[in-house]
Amino acid sequence: MVKVVKNFVKINQYTRPGLKLSGVKGIVMHWTATPGAPALNERNYFNGTCIADKRYASAHYFVDRKEAQQIIPENEVAYHAHDRNRCYVSFLKPNANTKAIGVELCVEKNGKIHSETLQNAAELVADLCKRYGLSTDKIVRHYDVTNKNCPAPWVSDSSQLTAFRKKVDSLLGNKTISKTTASTSQPSKSTGTILKKGSSGSKVKALQKRLIAAGFSLPKYGADGSYGNETVQAVKSLQKKAGIAVDGIYGPATEKALQAIEAKKKKSSYKLPSDIYKVKSPMMKGTAVRQIQEALAALHFYPNRNAKNHGIDGYYGPDTADAVRRFQLMNGLSADGIYGPDTRAKLEALLN
Ligand SMILES: [Zn+2]
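From a predicted model like this one, the values you see are computed outputs, not experimental measurements.

What counts as what
Residues numbered from 1 in each chain as written. Predicted model: local features only at pLDDT ≥ 70, side-chain atom pairs only at ≥ 80, totals over all residues. Heavy atoms only, no water. Helix = DSSP H or I, 4+ residues; strand = E, 2+ residues; numbered from the N terminus. Rg over C-alpha atoms; globule rule 2.2 N^0.38 Å. Buried < 20%, exposed > 50% of the residue type's maximum accessible area, 1.4 Å probe, protein only. Contact = heavy atoms within 4.5 Å. Areas by Shrake-Rupley, 256 points an atom, 1.4 Å probe, with all protein chains shown as cover. Lys, Arg positive; Asp, Glu negative; His and termini not counted. Charge placed at Lys NZ, Arg CZ, Asp CG, Glu CD. Donors = N, O, S within 2.8 Å, 3.2 Å for Na, K, Ca; no water. Pairing = 2+ DSSP bridges. Axes fitted to C-alpha atoms, helices over the stretch in contact; angles between N-to-C directions. UniProt positions renumbered as here; feature names shortened; annotations may be inferred. Phe/Tyr/Trp six-rings, centres within 6.5 Å; stacked < 30°, edge-to-face > 60°. Lys NZ or Arg CZ within 6 Å of the ring centre and 35° of its normal. Polar contact = N/O pair within 3.5 Å; in protein donor to acceptor, adjacent residues only side chain to side chain.

## Brief notes about the overall build of the chain
No. 1: The secondary structure content of the chain amounts to 12 helices and 6 strands.
No. 2: For 352 residues, the compact-globule formula gives about 20 Å, and the C-alpha radius of gyration of the chain, at 21 Å, lands near that figure.
No. 3: Taken along its principal axes, the extent of the C-alpha atoms in the chain is 55 × 50 × 35 Å.
No. 4: By the burial criterion, 50% of the 352 residues in the chain qualify as buried.
No. 5: A separation of at least 24 residues holds for 62% of the contacts in the chain among residues at least 6 apart in sequence.
No. 6: Taken as a whole, the chain presents about 16300 Å² of accessible surface, with 52% of it coming from carbon and sulfur.
No. 7: Charged side chains in the chain number 54 positive and 29 negative. The centres of these two groups are separated by 4 Å.

Here it is as structure tokens:
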């Protein structure tokens with residue numbers, strides 16, 4: 001069994017509100033998106049800087065290759081899986097923060113989640129499932145709850161969630177492979193990877209948004225959540241372009257093709273300015289500032305996550321400087337809130 005270190009952060013409004021959970025109905029899996037930071041660093045961040053920054057965030061467990069740091073008691077609320085009243089997983093409605101335990105996977109310097117980290121997390125989650133009487137289909141991704149890109153490697157490849165559930169199942173001594181459907185109000189929203197004409201729900205909507213962003217437009221109906229002829233046509237165009245079987249059905253091969261197109265787009269979409277940006281009076285503003293803000297937001301360092309568009313407004317004000325400072329702090333840079341060549345290089349390394 002993984003070593004669990006109880007290392008609770010102090011009670012405070014931003015990371016540990018001290019509210020009681022209304023029971024444990026599921027486990028929400030996350031990744032820290034912070035390459036090279038071990039569990040203890042994360043714990044210290046949530047006991048210090050995160051509070052100082054007045055940022056509402058936390059999770060119960062942080063797991064790395066060595067151990068699991070438990071930073072919030074299991075019967076208390078952590079702020080990990082709620083966003084503007086969104087909750088797409090039926091058994092965690094209306095607010096996953098009050099019904100689930102959040103487990104964060106730490107990330108290696110190379111941006112990947114180490115297999116030992118996954119093993120540790122599986123042991124921890126198996127123990128949680130046993131103690132709370134949860135089947136492994138109650139293990140979901142942050143993505144399933146609010147559509148956030150978290151844990152990103154499990155979003156781009158949903159079979160990793162299935163593999164993780166399987167691992168937990170085998171630790172629990174279950175022979176049956178956990179169901180990948182059912183248990184949510186929208187079957188298409190779970191980990192099933194086949195969508196086709198007649199499918200509907202938030203998973204279809206998410207696919208449609210990605211199709212549009214990738215250049216396969218849906219001019220008449222847009223991302224309406226129902227897989228009709230227009231979506232069939234868009235998927236067919238994608239399949240044709242990728243040189244795979246053209247059937248208009250979204251499955252693993254189509255997912256792979258779509259990812260390849262997205263990866264190409266992403267490389268070119270995070271352009272970053274090479275000048276120095278900082279808080280000045282009057283404020284520096286414009287496209288370059290927006291590029292910095294978008295790159296930060298893509299890595300979850302929002303200028304202001306409670307503001308409109310997460311505070312991405314094209315102005316280099318205190319919020320943006322603060323996001324830069326948090327990013328620098330978590331990435332071993334000198335945390336001065338000034339965007340320059342080092343910060344740029346780190347952002348680029350993480351995004352591309
Ligand atoms: Zn998350």
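## Let's talk about the coordination of the zinc ion
No. 1: Each protein donor to the zinc ion is listed here as H30 (ND1), H142 (ND1) and C150 (SG); together their distances run 2.1 to 2.3 Å.
No. 2: When the donor residues of the zinc ion are listed from N- to C-terminus, their spacing reads H-x111-H-x7-C. Placement of the pair is H30 in strand β2 (residues 26-35) and H142 in helix α4 (residues 142-146), with a sequence separation of 112 residues. In this pair, the class of H30 matches that of H142, namely buried.

## Some thoughts on the sheet that holds strand β4 (residues 68-70)
No. 1: As summarised here, the arrangement of the 6 strands in space is β1-β4-β3-β5-β2-β6, forming an open sheet in which the pairing is mixed. Strand pairing shows two members of the sheet lacking a second neighbour, β1 (4-6) and β6 (139-141), which therefore form its edges. Neighbouring strand axes in the sheet, compared pairwise and without regard to direction, differ in orientation by 25 degrees on average.
No. 2: By the bridge criterion, 3 bridges tie β2 to β6 in an arrangement that is parallel. When the bridges of β6 are listed, I27 appears paired with I139.

## Things to note about the UniProt feature "domain: N-acetylmuramoyl-L-alanine amidase" (unreviewed entry) in the chain
No. 1: Per the UniProt record, the feature "domain: N-acetylmuramoyl-L-alanine amidase" (unreviewed entry) sits at residues 14-168.
No. 2: Secondary structure content for residues 14-168 is 33% helix and 17% strand, and the end C-alpha separation is 31 Å.

## A closer look at the environment of Y315
No. 1: Topologically, Y315 is positioned in the loop between α10 (287-298) and α11 (318-330).
No. 2: In this structure Y315 comes out as partly exposed when scored by relative accessible area, which is 39%.
No. 3: For the pair Y315 and V279, spaced 36 residues apart in the sequence, the C-alpha separation amounts to 9.1 Å.
No. 4: Setting aside residues up to four positions removed in sequence, Y315 forms contacts with M283, M284, K285, V289, Q293 and T320.

## Considerations on the packing of aromatic side chains
No. 1: Overall, the coordinates contain 7 aromatic pairs when judged by the stated rule.
No. 2: Here Y56 and Y79 contribute two aromatic rings whose centre-to-centre distance is 5.9 Å and whose plane-to-plane angle is 70 degrees, an arrangement assigned as edge-to-face. Of this pair, Y56 sits in the loop between α2 (49-52) and β3 (61-63) while Y79 sits in the loop between β4 and β5 (100-107), and the two are 23 residues apart along the sequence.
No. 3: Members of the aromatic cluster, connected to one another through ring pairs, are Y14, Y56 and Y79.
No. 4: The lysine or arginine in question, K138, covers the ring of F91, its NZ or CZ lying 5.0 Å from the ring centre.

## Considering unusual backbone geometry
No. 1: Note the cis peptide between C150 and P151, where omega equals -10 degrees.
No. 2: Tracing the backbone through its elements, the reader meets P151 in the loop between α4 and α5 (152-156).
No. 3: Backbone geometry places K54, a non-glycine residue, at a positive phi of 55 degrees.
No. 4: Take K54: it is sitting in the loop between α2 and β3.
No. 5: You can call K54 exposed: its relative accessible area is 57%.

## So, the pairing of β2
No. 1: Most of β2 is tucked away, with 10 of its 10 residues classed as buried.
No. 2: Sheet topology note: the β2/β5 ladder contains 7 bridges and is parallel. Paired with P35 across the two strands is V107, which belongs to β5.

## Some thoughts on the environment of Q239
No. 1: By the secondary structure assignment, Q239 is in helix α8 (residues 229-242).
No. 2: Assessed through its relative accessible area of 1%, Q239 is described here as buried.
No. 3: C-alpha of Q239 to C-alpha of I249: the two residues are 10 residues apart in sequence and 9.3 Å apart in space.
No. 4: Apart from residues no more than four positions distant in its own chain, Q239 is found in contact with I244, A245, V246, D247, G248, I249 and T254.
No. 5: Within the structure, Q239 has its side chain in polar contact with the backbone nitrogen of G248 (distance 2.9 Å).

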